[in-house]
Amino acid sequence: MTNPAASSNVRNPPQTANRFILDAGWQGMFAAVGAPLDACIERADLTPSIAHEERPSLTTEELLRLVDALESLVEPDAFVANVRSYLRTAPPPAVLASIASPDLRSALHRYSECKKTCTPMALFFQREGEHTVVTIDWFVEPERVGQALVVLTLARILDVAEWGVGERINPLRLECANANEIPRAFAEAHLGMPLEKGPAMRIVFLDRDLDRPFKTSNPEVLEVLDRHFAQTLAERTSSWSQEVQLWLGRLLPARDYGIETIARRLGTSSRTLQRELMTEGVRFTDLLDTTRASLARHYLACDRFSPKEVAFLLDYSEPAAFHRAFKRWTGETPNEYSTRTRTAQ
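Residues numbered from 1 in each chain as written. Predicted model: local features only at pLDDT ≥ 70, side-chain atom pairs only at ≥ 80, totals over all residues. Heavy atoms only, no water.

Novice: Residues and numbers for the overall build of the chain, please.
Specialist: Counting its regular elements, the chain contains 17 helices and 7 strands. Expressed along its principal axes, the backbone C-alpha trace of the chain runs to roughly 75 × 45 × 40 Å. Per-residue burial for the chain yields a buried fraction of 49% across its 345 residues. In the chain, 69% of the contacts between residues at least 6 apart in sequence involve partners at least 24 apart. Split by element, the accessible area of the chain, about 16600 Å² in all, is 51% carbon and sulfur. Of the charged side chains in the chain, 40 are positive and 46 negative, and the gap between their average positions amounts to 3 Å. (Helix = DSSP H or I, 4+ residues; strand = E, 2+ residues; numbered from the N terminus. Buried < 20%, exposed > 50% of the residue type's maximum accessible area, 1.4 Å probe, protein only. Contact = heavy atoms within 4.5 Å. Areas by Shrake-Rupley, 256 points an atom, 1.4 Å probe, with all protein chains shown as cover. Lys, Arg positive; Asp, Glu negative; His and termini not counted. Charge placed at Lys NZ, Arg CZ, Asp CG, Glu CD.)

Here it is in structure tokens:
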């Protein structure tokens, strides 16, 4: 992982793949906020199956649509207050790594590095005299980030500072481009100070506050969490074939999994996708076959679906076609495999 103490004012998007892995247990936040997960996923136009994925991988637009859906179902004050309350009781790894840092400055650098794995967000630092401007960039147009998400983003950073130092840290200024559109009372209730109009989402800290030591500093915990984030970042650097298999797994039950559909989901053309897969030495049909085989084993082993139902879920024209394919994959019939695996459990 990049040295968190190294300052930077170069504003480039995260250089890893443009997909973000949600933290394990992410579903619990929706329950805590009071928003039905299925309703949020439907309103965000996401594949229903992600509700059952432990750590789903989403694009920037998918993630923002999910947040938009959450905001639309929960009143803004409750949204910000409930998310902050939930994250205090179940702090995500990015926060744990931050508060284990030696001081506020290194904590914010580490927070930025860690957040790259689960959100399209980064922090950039510019020292100006005796203070430092921390710019929070979501890498989308400012109006694309909802009012509640702006307030929540700023409040979460102030929370990290307070937890680590042990008392409230009041920055010199809090700014965002659409501050005039955010109700003043709403912003101040959660931020503890006015939100001013500025060129971007920014927090201006005194350098002496950024250099304050953290009471929660823990080098041993930090070492473990740094390894965790290094591994997660490596997982996000995926190949085209891995991305295709991910989408096939989501879209097969909906029967909308053609190469044109998946190419569109990946932000490219079907011709380009075919060329990239050829470069990796695989064909789309091979990936479809591999994904079907993996899902078939999963469905048959979980004791919820009959072979006929699995054939339907995998979009086979008839059960006999699925039976032949499964025998080719495993050397067993679907019934034989299902009986054997369930007995072993």
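Novice: Pulling in residues and values, what's your account of the pairing of strand β5 (residues 173-176)?
Specialist: Side-chain direction in a regular strand flips from residue to residue, so the side chains alternate between the two faces of the sheet. Summarising the sheet, β5 and strand β7 (residues 202-206) pair through 3 bridges and their orientation is antiparallel. In the strand pairing of β7, glutamate 175 is matched with arginine 202. Crossover handedness for the path β5 to helix α8 (residues 184-191) to strand β6 (residues 196-197): right-handed. (Pairing = 2+ DSSP bridges. Right-handed = clockwise from strand over helix to strand, strands pointing away.)

Novice: Describe the sheet that holds strand β3 (residues 122-128), listing the residues and the values that go with them.
Specialist: Taken in spatial order, the 5 strands line up as β3-β4-β7-β5-β6 in an open sheet, and their pairing is mixed. Only two strands of the sheet have a single neighbouring strand rather than two, namely β3 and β6. Strand direction decides the pairing type here: β3 and strand β4 (residues 131-137), joined by 7 bridges, are antiparallel. Counted as the bridge partner of phenylalanine 124 is threonine 135 from β4. Helix-sheet contacts for helix α6 (residues 104-115) involve β3, β4 and β7, and the interaxial angle to β3 is about 145 degrees. (Axes fitted to C-alpha atoms, helices over the stretch in contact; angles between N-to-C directions.)

Novice: How would you sum up helix α11 (residues 240-251)? Please name residues and give values.
Specialist: Here α11 is 12 residues long and its end C-alpha atoms lie 16 Å apart, about the 16 Å a rise of 1.5 Å per residue gives. Of the surrounding elements, those touching the buried residues of α11 are β1 (19-21), β2 (57-59), α3 (60-73), α12 (259-265), α13 (270-279) and α14 (284-301). (Expected span 1.5 Å × (residues − 1).)

Novice: Now, about the pattern of salt bridges: what can you tell me, with residues and values included?
Specialist: In this structure the tally under the stated criterion is 18 salt bridges. Residue aspartate 207 is joined to arginine 127 by a salt bridge in which the shortest nitrogen-to-oxygen separation is 3.3 Å. Of this pair, aspartate 207 sits in helix α9 (residues 207-210) while arginine 127 sits in strand β3, placing them 80 residues apart in sequence. Judged by relative accessible area, aspartate 207 falls into the buried class, the value being 8%. Overall, the relative accessible area of 47% leaves arginine 127 in the partly exposed class. Arginine 283 is the partner of aspartate 286 in a salt bridge, and the nearest nitrogen-oxygen pair spans 3.1 Å. Residue classification places aspartate 286 among the partly exposed residues on the basis of a relative accessible area of 31%. (Salt bridge = Lys/Arg side-chain N within 4 Å of Asp/Glu carboxyl O.)

Novice: Would you mind going over helix α16 (residues 319-330) in detail, with residue names and values included?
Specialist: Taking 1.5 Å per residue, 12 residues should reach 16 Å; α16 reaches 16 Å between its end C-alpha atoms and fits that length. Listed as buried for α16 are Ala321, Phe322, Ala325, Phe326 and Trp329. Projected onto a plane normal to the axis of α16, the buried residues spread over an arc of 130 degrees and lie on a single side. In α16, the exposed positions that point more than 90 degrees away from the buried face belong to Arg324 and Arg328. A positive backbone phi angle near 80 degrees is found at glycine 331, which sits one or two residues after α16. (Arc of directions from axis to C-beta.)

Novice: Pulling in residues and values, what's your account of the environment of methionine 193?
Specialist: Summarising the element assignment, methionine 193 is placed in the loop between α8 and β6. Methionine 193 sits in the buried class, given a relative accessible area of 12%. Once the C-alpha coordinates of methionine 193 and glycine 267 are considered, the two residues, 74 residues apart in sequence, prove to be 40 Å apart. Not counting residues within four places of it along the chain, the set of residues in contact with methionine 193 comprises Arg168, Pro171, Leu172, Arg173, Leu174, Ala187 and Glu188.

Novice: Lay out the packing of aromatic side chains in plain terms, naming residues and giving numbers.
Specialist: This model, assessed by the stated rule, comprises 7 aromatic pairs. Consider the rings of tyrosine 299 and phenylalanine 305, whose centres lie 5.2 Å apart with planes at 75 degrees: the pair is edge-to-face. An angle of 55 degrees between the planes, with centres 5.9 Å apart, marks the rings of phenylalanine 322 and phenylalanine 326 as tilted. With a gap of 4 residues between them, phenylalanine 322 and phenylalanine 326 both fall in helix α16, about one helical turn apart. Of the two residues, phenylalanine 322 and phenylalanine 326, both sit in the buried class. Each member of the aromatic cluster is reached from another via a ring pair, and the members are Tyr316, Phe322, Phe326, Trp329 and Tyr337. (Phe/Tyr/Trp six-rings, centres within 6.5 Å; stacked < 30°, edge-to-face > 60°.)

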